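Now for the letters of each chain:
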Amino acid sequence: MPAGTTEASLRAFLGLALRQAGGAAAAGEPLASLHLSGRHAFVGARSDAEALALLACAGICYRGTRLRVKRPSKYAGTDPPAAGRAWADVVADFAPDGSGKAMVCGVMEHIEEAGIHSGDSTCIVPPYSLSRPTIERIRDQARRLARRLSVCGLMNVQMAVKEDEIYIIEVNPRASRTAPFISKATGVPWARHAARVMMGGTLLDMKVEEVPSPGFCSVKRSVFPFAKFQGVDVILGPEMRSTGEVMGADRSLPVALAKAQMASSYDLPTEGSVFLSVRDSDKTAVVDVARSLVSMGFTVFTTGGTHTLLVDHSVQTTLMPKISEGARPNILDKIANGEIDLLVNTPTRKGAETDEGRIRAAAVRHGVTLITTIAGARAAVQGISALRSGI
């Protein structure tokens, strides 16, 4: 264990950092357990909320000791509770004596909920659904974390927002892939300013100011190499799978979404046929998606469970037999024949050997635009509507 690192000092550091950040579950004595092993410190949380809050310090190096967080047993092997996510990039010039200031380069909102790797998520500037008070709290907490961690340069913070409560998921005292994106979205060269700060300059001398709102919408969308690995299941999860990113910008958010989608080589159709198949937890949410697609004139194919639900909500779709039922033509035949223009499938099972995996792999193989989250489906509907309106 590095010299100067003790359980008491780590407890004090984590507790103070979380309390000063003002995040949820930050009050009181944190940490159910703390175990030091070599150059790693393993901390255990007492609750779901505390687990999310403690992840603020996961990966941070404190006096040579890298911190790791263990979630409660009921979290084992699962993702955190569904929540929207925000991402804030910060540039700061704090000196060892505590002098200096922090500026928020920008606050981005992810379309996908918590559980999808941030590098694979689509993010939007400015946030499209967060309230103004929530955004200001995010900015305030990000600045406080930068001050407490004595950041000199760039820092990024990932947060989960659920029912107006903010949970700090992760803090990285370094530049991230979003730095060039937020620079383009705001028109400010944040990476250049951060480099000058690290060389001894100050934000005050450079006369840098925050940009509360750029006046237009910017969308960052990931690009995936799935077409080069045919037959591989393509669902998104906590492991990053993208190999690049594209950007779309417009004064209209739906148009910006459509531009980013087209830049990633998967166009949004304005007519044709759509296949919908979603897991039980998404069935209620898919009703509005299906209703919008039908109202725009799309032919919507669904399997039994989704079809029954939509009929109950007065949304008429075309029933498609499941692959396991053995009837033909099935969705694989439709895809192979070029009869499907958009495929929405939120997974219940993973793996290329499952029926779902075969459907997703077939969509990639035949160049069909594939969406695997209900949030992504909502965004796609907005983009399609904008394209059809000729905005």
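For every chain, the first residue of the written sequence is number 1, and numbering continues from 1 along that sequence. Note on the predicted model: pLDDT of at least 70 is required for a residue's local features to be given, and 80 or more for side-chain atom pairs to be given and counted; whole-chain, interface and lining totals, by contrast, use all residues. The side-chain figures draw on all heavy atoms in the structure; neither hydrogens nor water molecules are used.

A word on the overall build of the chain
Only DSSP runs of H or I covering at least 4 residues are called helices, and only runs of E covering at least 2 are called strands; the numbering of each starts at the N terminus. Helix and strand content of the chain: twelve helices and 16 strands. Exposure categories follow from relative accessible area, calculated using a 1.4 Å probe and restricted to protein chains: below 20% of the type maximum is buried, above 50% is exposed, and the middle band is partly exposed. A buried classification covers 52% of the 391 residues belonging to the chain. Counting contacts in the chain only where the partners sit at least 6 residues apart, residues at least 24 apart contribute 64% of the total. Only carbon and sulfur atoms are counted for the fraction: they give 51% of the accessible area of the chain, which is about 17,500 Å². In what follows, a contact means two residues having at least one pair of non-hydrogen atoms within 4.5 Å. To measure how exposed things are, a 1.4 Å probe is used in the Shrake-Rupley method; for residues, cover is taken only from the protein chains shown.

Looking at the pairing of strand 9 (residues 165-172)
Of all eight residues that make up strand 9, six are buried, and the element is covered over most of its length. What makes two strands pair is DSSP finding at least two bridges between them. Bridge count for strand 8 (residues 152-162) against strand 9 is seven bridges, and the pairing is antiparallel. The partner of Ala-160 across the bridge, within strand 9, is Tyr-167.

Looking at the side chain of Asp-282
Locating Asp-282 in the fold gives a position in the loop between strand 12 (273-277) and helix 8 (283-295). The exposure class assigned to Asp-282 is buried, which follows from its relative accessible area of 9%. Pairs of N or O atoms are called polar contacts if they sit within 3.5 Å, as long as, within protein, a hydrogen donor faces a hydrogen acceptor (for residues adjacent in sequence, only side-chain-to-side-chain pairs). A distance of 3.0 Å separates polar atoms of two side chains, one belonging to Asp-282 and the other to Thr-346. Residues in contact with Asp-282, not counting those within four places in the same chain, are Thr-346 and Ile-374.

A closer look at the environment of Pro-127
Position of Pro-127 relative to the elements: it lies in the loop between strand 7 (123-125) and helix 3 (132-148). Among the residues examined, Pro-127 registers a relative accessible area of 15% and is labelled buried. Between the C-alpha atom of Pro-127 and that of Gly-106, which follows or precedes it by 21 residues, the distance is 9.6 Å. Setting aside residues up to four positions removed in sequence, Pro-127 forms contacts with Val-107, Glu-109 and Ile-135.

Concerning unusual backbone geometry
Cis peptide bonds are those with omega within 30 degrees of zero, and the linkage from Val-125 to Pro-126 qualifies with -5°. Relative to the assigned elements, Pro-126 resides in the loop between strand 7 and helix 3. Geometrically, the link from Arg-328 to Pro-329 is a cis peptide bond, its omega value of 0° lying close to zero. Mapped onto the secondary structure, Pro-329 falls in the loop between strand 14 (318-319) and helix 10 (331-336). Despite not being glycine, Lys-207 has its phi angle at roughly 55°, a positive value. You can see Lys-207 is positioned in the loop between helix 6 (203-206) and strand 10 (217-223). Positive phi is not limited to glycine here, since Ser-314 has a value of about 60°. Considering the arrangement of structural elements, one finds Ser-314 in the loop between helix 9 (304-312) and strand 14. Taking relative accessible area as the criterion, Ser-314 reaches 63% and is therefore assigned exposed.

Observations regarding the nonpolar core
Only buried Ala, Val, Leu, Ile, Met, Phe, Trp, Tyr and Cys residues count toward a nonpolar core, and they belong to the same one when joined by side-chain atoms within 4.5 Å. If you look at the biggest cluster of nonpolar residues, it comprises 24 residues, and the most contacted ones within it are Leu-276, Val-286, Leu-293, Phe-298 and Ile-384. Residue assignment for this core shows that the elements contributing at least two residues are strand 12, helix 8, helix 9, strand 15 (342-345) and helix 12 (374-389). Those residues in contact with Phe-298 that lie beyond four places of it in its chain are Pro-269, Thr-270, Glu-271, Gly-272, Ser-273, Val-274, Leu-293 and Ile-384. Listed in part, the 22 residues of the second largest apolar core include Val-90, Phe-94, Val-107 and Leu-130.

Here we look at the side chain of Asn-156
As for its position among the elements, Asn-156 is in strand 8. At a separation of 3.3 Å, a polar atom in the side chain of Asn-156 contacts the main-chain carbonyl oxygen of Arg-174. Those residues within four positions of Asn-156 in sequence are excluded, and the remaining contacts are Trp-87, Ala-88, Asp-89, Glu-170, Val-171, Asn-172, Arg-174, Ala-175 and Ser-176.

Examining the environment of Glu-165
As for its placement among the helices and strands, Glu-165 is situated in strand 9. Placed 28 residues apart in sequence, Glu-165 and Arg-137 show a C-alpha to C-alpha distance of 10.0 Å.

Here's the deal with the sheet that holds strand 15
The strand order across the open sheet built from five strands is 14-13-12-15-16, with neighbouring strands paired in parallel fashion. Of all strands in the sheet, those with a lone pairing partner are strand 14 and strand 16 (369-371), marking the two edges. Here strand 13 (residues 299-302) runs beside strand 14; their pairing, made up of two bridges, is parallel. The residue bridging Thr-302 from the neighbouring strand is Leu-319, located in strand 14.

Some thoughts on helix 4 (residues 178-186)
In terms of residue burial, helix 4 counts as a mostly covered element, since seven of its nine residues are buried. Considered for burial, the residues of helix 4 that qualify are Thr-178, Ala-179, Phe-181, Ile-182, Ser-183, Ala-185 and Thr-186.

Considerations on the packing of helix 8 against helix 12
Axis angle and axis distance: for two packed helices, these are the angle between their axes and the distance between the axes, and together they describe the pair. In this analysis an axis means a line fitted to C-alpha atoms, helices contributing only their contacting stretch, and an angle means the value between N-to-C directions, from 0 to 180 degrees. Running from N to C, helix 8 and helix 12 cross one another at 20°; their axes reach a closest spacing of 10 Å. The angle between helix 8 and helix 12 places the two elements in the roughly parallel class. The hand of the helix 8/helix 12 crossing is left-handed. Here Ala-285, Val-286, Val-289, Ser-292 and Leu-293 of helix 8 come into contact with helix 12, specifically with Ile-374, Ala-377, Arg-378, Val-381 and Ile-384. Roughly parallel here means an angle under 35 degrees, roughly antiparallel means over 145, roughly perpendicular means 65 to 115, and every remaining angle is called oblique. Less than a right angle of anticlockwise turn of the near helix away from the far helix marks a crossing as left-handed, whereas a clockwise turn marks it as right-handed.

Quick word on the confidence of the model for the chain
On a scale of 0 to 100, pLDDT captures the predictor's confidence in every residue. Residues with a pLDDT of 70 or more make up 76% of the chain, whose mean pLDDT is 79. Counting interchain partners and residues more than four positions distant, the pLDDT-below-50 stretch residues 21-32 has 38 contacts. Note on residues 55-67: pLDDT is under 50 here. Beyond four places in sequence and across chains, it has 47 contacts.

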